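Per-entry structural report
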Amino acid sequence: GEVKITYAADTKVSNAGTFTFNKEDHTIANLLRMQLLRDPRVRFVGYMHPHPLIHRIDMRIQTSSSTVAPVEVLSAALEDLANETDHLTTQVSEAISNWKKDNEGGVMGM
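A brief look at the structure comes next. (Residues numbered from 1 in each chain as written. Predicted model: local features only at pLDDT ≥ 70, side-chain atom pairs only at ≥ 80, totals over all residues. Heavy atoms only, no water.)

Turning our attention to the side chain of N22. Along the chain, the position of N22 falls in strand β2 (residues 16-22). For N22, a relative accessible area of 14% puts it in the buried group. In this structure, N22 is in contact with E2, V3, K4, H55 and R56, ignoring residues within four places of it in sequence. (Helix = DSSP H or I, 4+ residues; strand = E, 2+ residues; numbered from the N terminus. Buried < 20%, exposed > 50% of the residue type's maximum accessible area, 1.4 Å probe, protein only. Contact = heavy atoms within 4.5 Å.)

This is the structure we're talking about:
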């Protein structure tokens, strides 16, 4: 198979690089971009979707310090999103269980 994510370090800026996400689109790219911008260690993040028929995203990340690598902040962002997703899934499951328990007699109490 094809490699999902590749990384190319910037040759001019030590704390920047470009990630290429294969078979992805704006959905994951914008989600990651927004999560990365929440991190104070990130100075810049932007992405490009070259063409609607090309399923690839190029995301450039620059950190605010040369001691923090772009790979680190991307990894942290992915982990944070995974935790948020798990939390959301748990909340939805609990809400559905509570609704079913409250509505055991059928819809509208019939």
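Glancing now at the nonpolar core. With 15 residues, the main nonpolar core has F21, L36, M59, I61 and L74 as its most contacted residues. Where this core is concerned, the elements lending two or more residues are β2, α1 (26-37), β3 (42-48), β4 (56-63) and α2 (70-102). Ranked by the residues each element gives to this core, the list is headed by α2, at four residues. With near-sequence residues (within four places) excluded, F21 lies in contact with K4, I5, L32, H55, R56, I57, M59 and L74. (Core = buried A, V, L, I, M, F, W, Y, C linked by side-chain atoms within 4.5 Å.)

Our next topic: the sheet that holds β2. Reading across the sheet, the four strands line up as β1-β2-β4-β3 and stay open at both edges, with antiparallel pairing between neighbours. This sheet does not close on itself; its edge strands, each paired only once, are β1 (5-9) and β3. The average angle at which neighbouring strand axes cross in this sheet is 20 degrees, direction not considered. As paired strands, β2 and β4 are joined by seven bridges and run antiparallel to one another. Note on β4: the bridge partner recorded for T20 is D58. (Pairing = 2+ DSSP bridges. Axes fitted to C-alpha atoms, helices over the stretch in contact; angles between N-to-C directions.)

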